[in-house]
Amino acid sequence: MNALPSSSVPPAGSAGRDVLRTLLERPLPAVMGVLNITPDSFSDGGEFIAPDQALERARAMIADGVDIIDIGAESTRPYKGAKPVTAEDELARLRPVLASVVALGVPVSIDSMKAEVVAFALDQGAAIANDVWGLQRDAAMAPLVAARDVPVIVMHNRDSVDSAIDIIADMKAFFLRSLDIAAKAGIARDKIVLDPGIGFGKTAEQSMTALARLREFDMFGLPVLVGASRKRFITSVSPSEPKERLAGSIAAHLIAAQRGARIIRTHDVAETLQALRVAHAIESKQ
């Protein structure tokens, strides 16, 4: 399914210093497409680990209208079972494909919690750092991002799930710590995006609470990214396997957009973009 470009949504253009600003100035949320070059990601592990398959997938997402390609070489699945890999493992997966994906001309973000991997990706032309531990896992990450002057996605995460905690209070405290780290490192505030980390260190109820109360993160004055695509909380409402959760993913993403999310991260680019465009067209008639 190929989504035709909308006259109200200009093409992304090439990656550069102001890539984030350009994307956020659009009337619709930017759509970030997931490209996992891993053997064990929860939804599509192993499907795109071969370089030719990864490049074909990137081209398909571009044809569907993707604004950012988020490439990751370590599964950070939000449930138990992901196998940690070394930086060398990540780099070995990235080297055969990353430069070719960047050369396709759509901004690329690097999904890694390791500064060494992010540095390599930036050297290859990636434009955005996506840290699933919000600058709090690798002490070298914040100084690297500051030195390279690139946008960074700061995601909330937890080592374990605790159904008894106030998840919104926990997220706010986490973001405050991340923003303090960023400020001390010299990361410009207008280069930071917050991600509530749907599914990461959260029960299904907590993930849905985070989506329902997304506007509470307006207190930080920063853009928010939401990646609810195919997440397990959907099956708590409607039993399903990951690839059977398109409708639930779109429902969550439309609610996120209504609550101010400016970037939507998804496995299903064309369908998500169509849903966002239709919802925007309807709302514009009020």
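Coordinates for the structure precede this section.
A brief look at the structure comes next. Given the structure is predicted, the values throughout are model-derived calculations rather than measurements.

**Overview of the nonpolar core**
Counting residues in each nonpolar core, the largest one holds 73 residues, and the members touching the most others are Ile69, Ile71, Ile187, Ile192 and Val226. Ile69 has contacts with Gly33, Leu35, Ala58, Met61, Ile62, Val101, Val106, Pro107, Val108 and Ser109, leaving out every residue within four places of it along the chain. Listed in part, the 12 residues of the second largest apolar core include Ile128, Val193, Leu225 and Ile263.

**Some remarks on helix 10 (residues 246-258)**
Compared with an ideal rise of 1.5 Å per residue, which puts 13 residues at 18 Å, helix 10 spans 18 Å between its outermost C-alpha atoms and is within 8% of the ideal. Buried within helix 10 we find Ser249, Ile250, Ala252, His253 and Ala256. What you see down the axis of helix 10 is that its buried residues fit within an arc of 165 degrees, all on one side. Check the buried side of helix 10 and you find it contacts helix 8 (204-212), strand 7 (225-226), helix 9 (233-237), strand 8 (263-266) and helix 11 (269-283).

**Some details on the packing of aromatic side chains**
Under the counting rule described, the total for this entry stands at three aromatic pairs. For the ring pair Phe174 and Phe175, a centre distance of 6.1 Å and an interplane angle of 80 degrees mean the geometry is edge-to-face. The class of Phe175 is buried, set by a relative accessible area of 1%. Judged by centre distance (5.8 Å) and plane angle (90 degrees), the rings of Phe175 and Phe217 are edge-to-face.

**Thoughts on the sheet that holds strand 1 (residues 30-36)**
Consider a sheet: its strands pair through backbone hydrogen bonds, and that pairing is either parallel or antiparallel. Read across the sheet, eight strands follow the order 6-5-4-3-2-1-8-7 without closing on themselves; strand pairing throughout is parallel. The two strands at the open ends of the sheet, each matched to only one other strand, are strand 6 (192-195) and strand 7. Judged from the two bridges that link them, strand 7 and strand 8 form a sheet pairing that is parallel. The residue bridging Val226 from the neighbouring strand is Ile264, located in strand 8. Sitting on the sheet, helix 10 is in contact with strand 7 and strand 8, with an inclination near 165 degrees to strand 8.

**Let's talk about the pattern of salt bridges**
Evaluation of the coordinates by the stated rule reveals 15 salt bridges. The partner of Arg26 in a salt bridge is Asp67, and the shortest N-O contact between them spans 2.5 Å. Of this pair, Arg26 sits in the loop between helix 1 (19-24) and strand 1 while Asp67 sits in the loop between helix 2 (51-63) and strand 2 (68-72), and the two are 41 residues apart along the sequence. In terms of burial, Arg26 and Asp67 fall into one category: buried. For the salt bridge of Arg148 with Asp123, the shortest nitrogen-to-oxygen distance reads 3.1 Å. Residue Arg148 is found in helix 6 (residues 141-148), and its partner Asp123 is found in helix 5 (residues 115-123); the two are separated by 25 residues along the sequence. By relative accessible area, Arg148 is classed as partly exposed at 33%. Assessed through its relative accessible area of 53%, Asp123 is described here as exposed.

**Some remarks on the packing of helix 7 (residues 167-185) against helix 8**
Between helix 7 and helix 8, whose axes approach to 9 Å, the crossing angle comes to 65 degrees. Classified by the angle their axes make, helix 7 and helix 8 are roughly perpendicular. Between helix 7 and helix 8 lies a crossing of right-handed hand. Here Ile167, Ile168 and Met171 of helix 7 come into contact with helix 8, specifically with Gln206, Thr209 and Ala210. Across the contact of helix 7 with helix 8, the residue classes break down as four nonpolar, two polar and no charged.

**What to know about helix 11**
Side chains three or four residues apart in an α-helix point the same way, a direct result of the helix having 3.6 residues per turn. With 15 residues, helix 11 should cover 21 Å at 1.5 Å per step; its first-to-last C-alpha distance of 21 Å lies within 8% of that length. Every buried residue of helix 11 is listed here: Val269, Ala270, Thr272, Leu273, Ala275, Leu276, Arg277 and Ala279. For helix 11, the secondary structure elements touched by its buried residues are strand 1, helix 2, helix 10 and strand 8.

Parameters at a glance
- Residues numbered from 1 in each chain as written.
- Predicted model: local features only at pLDDT ≥ 70, side-chain atom pairs only at ≥ 80, totals over all residues.
- Heavy atoms only, no water.
- Core = buried A, V, L, I, M, F, W, Y, C linked by side-chain atoms within 4.5 Å.
- Buried < 20%, exposed > 50% of the residue type's maximum accessible area, 1.4 Å probe, protein only.
- Contact = heavy atoms within 4.5 Å.
- Helix = DSSP H or I, 4+ residues; strand = E, 2+ residues; numbered from the N terminus.
- Expected span 1.5 Å × (residues − 1).
- Arc of directions from axis to C-beta.
- Phe/Tyr/Trp six-rings, centres within 6.5 Å; stacked < 30°, edge-to-face > 60°.
- Pairing = 2+ DSSP bridges.
- Axes fitted to C-alpha atoms, helices over the stretch in contact; angles between N-to-C directions.
- Salt bridge = Lys/Arg side-chain N within 4 Å of Asp/Glu carboxyl O.
- Parallel < 35°, antiparallel > 145°, perpendicular 65-115°, else oblique.
- Left-handed = near helix turned anticlockwise from the far one by under 90°.
- Nonpolar A, V, L, I, M, F, W, Y, C, P; charged D, E, K, R; others polar.

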